[in-house]
Amino acid sequence: MINVTILGFDQALASAITGAIDLFSLAGITWQRIQAQAPTPRFKISLASIDGRPIRCINQMQLQVHHKIEDIKHSHLLLVPTIGGPIEQVLKNNVELIEWIKQSKPDNSDIASNCTGSFFLAEAGLLEGKEATTHWGFANQFMARYPNVNLQPHKLITQQDNIFCAGGGMAWFDLALLLIERYCNKDIAMQTAKSHVIDMSRTHQSIYANVQRQHLHQDPDINDIQDWFEQHFHEVIHLSEVAEKFNLTTRTFIRRFKRATGQTPLSYLQRLRIDAAKNILETSHCQIEQVISEVGYEDISAFTRLFKKHTGITPSQYRKKFSR
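Only a predicted model underlies this, so the values are computations on that prediction, with no experimental measurement involved. (Residues numbered from 1 in each chain as written. Predicted model: local features only at pLDDT ≥ 70, side-chain atom pairs only at ≥ 80, totals over all residues. Heavy atoms only, no water.)

K.L.:
I'm lost on the pairing of strand β10 (residues 157–160) in this one. Help?
P.N.:
Consecutive side chains of a regular strand alternate in pointing toward one face of the sheet and then the other. Judged from the four bridges that link them, β10 and strand β11 (residues 163–166) form a sheet pairing that is antiparallel. Bridge pairing in β11 links glutamine 159 to phenylalanine 164. Adjacent in sequence and paired antiparallel, β10 and β11 are bridged by two residues, among which aspartate 161 carries a positive phi angle near 55°. (Pairing = 2+ DSSP bridges. Helix = DSSP H or I, 4+ residues; strand = E, 2+ residues; numbered from the N terminus.)

Right, dumping it as structure tokens:
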């Protein structure tokens, strides 16, 4: 049996806890029942809180826990669920839990976070210099708070050493399936996915994301340039001309833009164009060639490659998936 401990705290996302408990608990069971085979449980799941008391989730659901975190003797996996409430407030209210994660995590155990749960791992210093991901909507806040973490907000799941991070709020099932495969095998993971009607093919969360403007910086020139980009992204744009328009050298413009936003001007412009294309694909029936032209590109194959690089699917596949 694989021991999994979920670290509970007030204002967690309930489904990231109860859903993970269900999926791990039913690995080796649901598929076998469907196939009229003998069930073989694979995981033993526990929910722990800092003081052993029930936790109150963001939806006001109260969950009973199995024990205090200090009573954890051995666990193959520690799982930190999504922060559902205001992130800074939740972190401030859980200093003791963060310290326990920092001091008590055994080197031979895996630790995983879902969505904004990665803030706990970063706060405990476990992600310093490591690759990680978090919910795309909180990526800017994460990068500003933890600049030494190699954040990959487009990725749905990251792994470095024995630390796993999953992206958006419902990515707990992607994470759970990956870990089921890690501890059992691919067949068990596939059986679990099939029996619960879950798609195992998701790899990107940027398919769901929109450009998140970095509002935390205090550079008024870069704010003005961001505004200008958002109004003119569909035009032919040369960075040297943009720099001159705002009385900056090209080198200074690129350096200040990246320092303020965490992105190069070209990357930011590409993301604006991809987001505009996604919106047109969702809301219109015009030809793909016209969509690409409207967002400032002429080379269909080049834009298709760029779109797929950022979203994991082609523009045509995106339209099929999200057209209203």
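K.L.:
I'm lost on the packing of helix α9 (residues 220–232) against helix α12 (residues 265–283) in this one. Help?
P.N.:
The packing of two helices is summarised by the inter-axis angle and the distance between the axes. Put simply, α9 and α12 touch, their axes get as near as 10 Å, and they point 40° apart. Relative to α12, the element α9 lies oblique. Seen from above, α9 lies across α12 with right-handed handedness. From α9, Gln226, Phe229 and Glu230 reach across to α12, where they touch Pro265, Tyr268, Leu269 and Leu272. Looking at the contact of α9 with α12 residue by residue, the classes come out as five nonpolar, one polar and one charged. (Axes fitted to C-alpha atoms, helices over the stretch in contact; angles between N-to-C directions. Parallel < 35°, antiparallel > 145°, perpendicular 65-115°, else oblique. Left-handed = near helix turned anticlockwise from the far one by under 90°. Contact = heavy atoms within 4.5 Å. Nonpolar A, V, L, I, M, F, W, Y, C, P; charged D, E, K, R; others polar.)

K.L.:
Could you clarify how one ought to interpret the packing of aromatic side chains in this entry?
P.N.:
How two aromatic rings sit relative to each other is given by the distance of their centres and the angle of their planes. This model, assessed by the stated rule, comprises 15 aromatic pairs. Aromatic pair phenylalanine 253 and phenylalanine 257: ring centres 6.1 Å apart, planes at 80°, arrangement edge-to-face. On the criterion of helical spacing, the pair formed by phenylalanine 253 and phenylalanine 257 is a turn pair, its members being four residues apart in helix α11 (residues 250–261). Each member of the pair, phenylalanine 253 together with phenylalanine 257, is buried. Through a chain of ring-to-ring contacts, three or more aromatic side chains come together here, namely Trp228, Phe229, Phe253, Phe257 and Tyr268. (Phe/Tyr/Trp six-rings, centres within 6.5 Å; stacked < 30°, edge-to-face > 60°. Buried < 20%, exposed > 50% of the residue type's maximum accessible area, 1.4 Å probe, protein only.)

K.L.:
Can you walk me through the packing of helix α7 (residues 172–183) against helix α8 (residues 186–195) in this structure?
P.N.:
One way to put it is that α7 packs onto α8 with a least axis distance of 7 Å and a crossing angle of 150°. In terms of their interaxial angle, α7 and α8 are classed as roughly antiparallel. Along this stretch, α7 crosses α8, giving a crossing that reads as right-handed. Along the contact surface, α7 presents Leu177, Ile180 and Glu181, while α8 presents Lys186, Ile188, Ala189, Thr192 and Ala193. Class assignment of the residues belonging to the contact of α7 with α8 gives a composition of five nonpolar, one polar and two charged.

K.L.:
Any chance you could explain the pattern of salt bridges here in plain terms?
P.N.:
Pairing between side chains of opposite charge can happen when their charged atoms approach one another. For the coordinates displayed, the defined rule picks out ten salt bridges. Note that lysine 102 is salt-bridged to glutamate 99, the shortest N-O span being 3.7 Å. A residue pair is termed a helical-turn pair when its members lie 3 or 4 positions apart in one helix, as lysine 102 and glutamate 99 do in helix α4 (residues 95–104) at three residues. Among the residues examined, lysine 102 registers a relative accessible area of 40% and is labelled partly exposed. The partner of aspartate 275 in a salt bridge is lysine 278, and the shortest N-O contact between them spans 3.8 Å. Taken together, the residues aspartate 275 and lysine 278, both in helix α12 and three residues apart, mark about one turn of the helix. Just as aspartate 275 is buried, lysine 278 falls in that class too. Put simply, Glu88, Glu123 and Arg145 are held in one network by salt bridges that share partners. (Salt bridge = Lys/Arg side-chain N within 4 Å of Asp/Glu carboxyl O.)

K.L.:
Help me understand helix α15 (residues 315–322) in this model?
P.N.:
Every α-helical turn comprises 3.6 residues, leaving residues that sit three or four positions apart pointing alike. Restricting attention to buried positions, one finds in α15 the residues Pro315, Tyr318 and Arg319. One side of α15 holds all its buried residues, which, seen down the axis, span an arc of 100°. Buried-residue contacts for α15 involve α12, α13 (288–294) and α14 (300–311). (Arc of directions from axis to C-beta.)

K.L.:
What is the right way to look at the environment of leucine 177 in this model?
P.N.:
Its place among the elements puts leucine 177 in helix α7. Classification of leucine 177 by relative accessible area gives buried; the value is 3%.

K.L.:
I would appreciate a short explanation of the pairing of strand β6 (residues 77–80) in the present structure.
P.N.:
Residues Leu77 and Leu79 of β6 are buried on one face, and the alternating residues Leu78 and Val80, pointing to the opposite face, are buried as well. Where strand β1 (residues 2–7) lies against β6, three bridges are found, and the strand directions are parallel. From the neighbouring strand, isoleucine 6 faces β6, where its bridge partner is leucine 79. Taken together, the four bridges between β6 and strand β7 (residues 110–114) define a ladder with parallel strand orientation. Residue pairing across strands places leucine 79 opposite alanine 112, the latter belonging to β7.

K.L.:
Mind showing me how you'd approach unusual backbone geometry here?
P.N.:
One non-glycine residue with positive phi stands out, namely glutamine 60, at about 75°. Here glutamine 60 is to be found in the loop between β3 (55–56) and β4 (62–63). According to the relative accessible area criterion, glutamine 60 is exposed, its value standing at 53%.

K.L.:
Would you take a moment to explain the sheet that holds strand β5 (residues 67–68) for this structure?
P.N.:
The pairing of strands in a sheet comes from backbone hydrogen bonds and takes either a parallel or an antiparallel form. Pairing is mixed across the open sheet formed by seven strands, whose spatial order is β5-β2-β1-β6-β7-β11-β10. Edge strands, defined here as strands with exactly one partner in the open sheet, are β5 and β10. The sheet contact formed by strand β2 (residues 43–49) and β5 spans two bridges and is parallel. Paired with alanine 48 across the bridge in β5 is histidine 67. Sheet strands touched by α4: β1, β6 and β7. Its angle to β1, the strand with the most contacts, is close to 145°. Helix-sheet contacts for α7 involve β1, β2, β6, β7, β10 and β11, and the interaxial angle to β7 is about 160°.

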